[in-house]
Amino acid sequence: MKLVIKGGLVVNPSTKLEEVTDILVEDGVIVSIGETPSDLLENADVKVIEAEGKLVVPGLIDLHVHLREPGFEHKETIETGCLAAARGGVTTMCCMPNTNPVIDNECVVEYINTMARRANGVKVLPVGAITKGLEGETLANIGKMKEHGICAISEDGKTVADAGLMKKGMSYAKPFNLPIFSHTEDRALSGGAMNAGVNAQLFGIKGIGRDAEEVIVARDIILARTTGAQLHLSHMSTKGSLDLIEMGKKVWGMTNLTAETAPHYFILDDSILGDYDSNKKMSPPLRTSEDVAAMKQALKSGIIDVIATDHAPHHYDEKNVEIEKAPFGIVGLETSFALSYTHLVKAGILTISELIEKMSYNPARIINSPSGRLEVGAPADITVIDLETPYIIDSNNFLSKGKNTPFNGMEVYGDVEVTIVDGRIVYEK
Ligand SMILES: NC(=O)N[C@@H](CC(=O)O)C(=O)O
Ligand SMILES: [Zn+2]
Ligand SMILES: [Zn+2]
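Residues numbered from 1 in each chain as written. Chains lettered and ligands numbered in written order. Predicted model: local features only at pLDDT ≥ 70, side-chain atom pairs only at ≥ 80, totals over all residues.

1. Describing the overall build of the protein
Logical step 1: Per the secondary structure count, the protein includes 13 helices and 20 strands.
Logical step 2: Taken over the C-alpha trace, the protein has a radius of gyration of 21 Å; the compact-globule value for 429 residues is 22 Å, and the two agree within 12%.
Logical step 3: Principal-axis analysis of the C-alpha atoms places the extent of the protein at approximately 65 × 45 × 45 Å.
Logical step 4: Taken over 429 residues, the protein has a buried fraction of 55%. (Helix = DSSP H or I, 4+ residues; strand = E, 2+ residues; numbered from the N terminus. Rg over C-alpha atoms; globule rule 2.2 N^0.38 Å. Buried ≥ 20, exposed ≤ 12 C-beta atoms within 10 Å, placed from the backbone.)

2. Considering the sheet that holds strand E6 (residues 60-65)
Logical step 1: Ordered by their spatial adjacency, eight strands build an open sheet running E6-E7-E8-E9-E10-E13-E14-E15, and the pairing between neighbours is parallel. Each edge of the open sheet carries a strand with a single partner, namely E6 and strand E15 (306-307).
Logical step 2: Here strand E7 (residues 90-95) runs beside strand E8 (residues 123-129); their pairing, made up of four bridges, is parallel. Across the sheet, Cys-94 pairs through a bridge with Leu-125, a residue of E8.
Logical step 3: Against the sheet, helix H3 (residues 106-118) contacts E7 and E8, and its axis sits at roughly 165° relative to E8. (Pairing = 2+ DSSP bridges. Contact = placed C-beta atoms within 7 Å. Axes fitted to C-alpha atoms, helices over the stretch in contact; angles between N-to-C directions.)

3. Quick word on the UniProt feature "binding site: substrate" (unreviewed entry) in the protein
Logical step 1: As recorded in UniProt, the feature "binding site: substrate" (unreviewed entry) lies at His-66, Leu-67, Arg-68, Asn-98, His-314, Phe-328 and Gly-329.
Logical step 2: Tracing the chain through its elements places Leu-67 in the loop between E6 and helix H2 (78-87).
Logical step 3: Contacts of Leu-67, omitting those with residues within four sequence positions, involve Glu-76, Ile-78, Gly-81 and Cys-95.
Logical step 4: Looking at the secondary structure, you find Gly-329 in the loop between helix H11 (316-319) and helix H12 (336-345).
Logical step 5: Residue classification places Gly-329 among the buried positions, given that 23 C-beta atoms sit within 10 Å. (UniProt positions renumbered as here; feature names shortened; annotations may be inferred.)

4. Focus: unusual backbone geometry
Logical step 1: Geometrically, the link from Glu-69 to Pro-70 is a cis peptide bond, its omega value of 5° lying close to zero.
Logical step 2: Positionally, Pro-70 belongs in the loop between E6 and H2.
Logical step 3: Cis geometry is found at the peptide bond from Asn-100 to Pro-101, where omega equals 0°.
Logical step 4: Looking at the element boundaries, Pro-101 is found in the loop between E7 and H3.
Logical step 5: Although it is not a glycine, Leu-134 sits at a positive phi angle of roughly 55°.
Logical step 6: Tracing the chain through its elements places Leu-134 in the loop between E8 and helix H4 (142-147).
Logical step 7: At Asn-177, a residue that is not glycine, the phi angle is positive and equals roughly 60°.

5. So, helix H13 (residues 352-366)
Logical step 1: Here H13 is 15 residues long and its end C-alpha atoms lie 20 Å apart, about the 21 Å a rise of 1.5 Å per residue gives.
Logical step 2: Lys-358 marks where H13 bends most, by close to 45°.
Logical step 3: The buried fraction of H13 is high, at eleven of 15 residues.
Logical step 4: All buried positions along H13 are accounted for by Leu-355, Ile-356, Glu-357, Lys-358, Met-359, Ser-360, Tyr-361, Asn-362, Pro-363, Ala-364 and Ile-366.
Logical step 5: The positive-phi residue at the C-terminal boundary of H13 is Asn-368, with phi of around 55°. (Expected span 1.5 Å × (residues − 1). Bend = angle between axes of the 7 residues up to and from the residue.)

Next up, the structure:
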């Protein structure tokens, strides 16, 4: 089966390509980038996707997604999560281990692999727990899980509180070439429902200080420096965290340190919580406008390497309670590209190529994936996007089971038209 994506603006960070041209795909692999011979275009066996006026990029790679299966299928399933991913232009995603049972052994890894094979074709890479049951007491069987395809280890939703155990986890992961995705939250310092500060005082909501995040950011950078393990800091939200990462990268010259943020941390701040809407509650919480400005700066300077979603679907009934009682988390798979494009590229902060680097190429490098690049021989994971037509975000249209977004009603640019995985169309508008 041959496929031609014709006449789109092809943007590929790995080769610094930015050119109106065609991509030819055969048997799931990119076989050429350049003008397609006309006899091929007339061949009835060749499917042509007209991409004139559209953006053509390597499929997006989301390092941070909660698919909720097994255990919480009322929030999301692997099937619905994969549909949402395809709609959002995401061709590979890493799913976090806070399921029930926890992804802490090869059987659960295999269960996810099986369910993903039955879904639409979007690549699902499980993330294994660092400790058994996410209980923070003994290491999970990391080596066995690696044999079955985990792409990283993480305690996401929690932090390994014991620094000695975290160090052991890092030392163990290193020879397996597994990155550690770190959720940085010191439980002794957290415990509220929004960012601590003047707005929390004004609204009468218990606050979570930035120190809860920063203490663990500092600790894990130090431990990664000692062990040489590859540390990837999940969902960064504060300016202080960015300063610490800058220190690790620039002063200590660490090449084993990367960091991620999510669209809500560079678009929204804690002043919007005055309506007590639990769809604005997530972990870590929205911070202040100064943090938002610093986050944009850090995306530009490269202190932040990755934009992920932290797609965290919850059921309507679970969120439809007082903000203090509601679970943390918002969905993101179907809005992340458009929000990032609108608020970073259209706003003049990043170039398109820089954005795709953060949403595809850099994530691919962190998990050693051959995707994330439009190169001859690479897997044909490709996303075609309309950048011209604005639209309004409406969670009623989400394919995800989760409708918990703070972005409802916002106008954005960057509508995904076609998503291709291994040369197969998995979403077409
Ligand atoms: N981010 C969140 O607010 N929630 C996540 C957990 C997490 O990412 O820490 C969840 O699993 O719901
Ligand atoms: Zn987390
Ligand atoms: Zn998460």
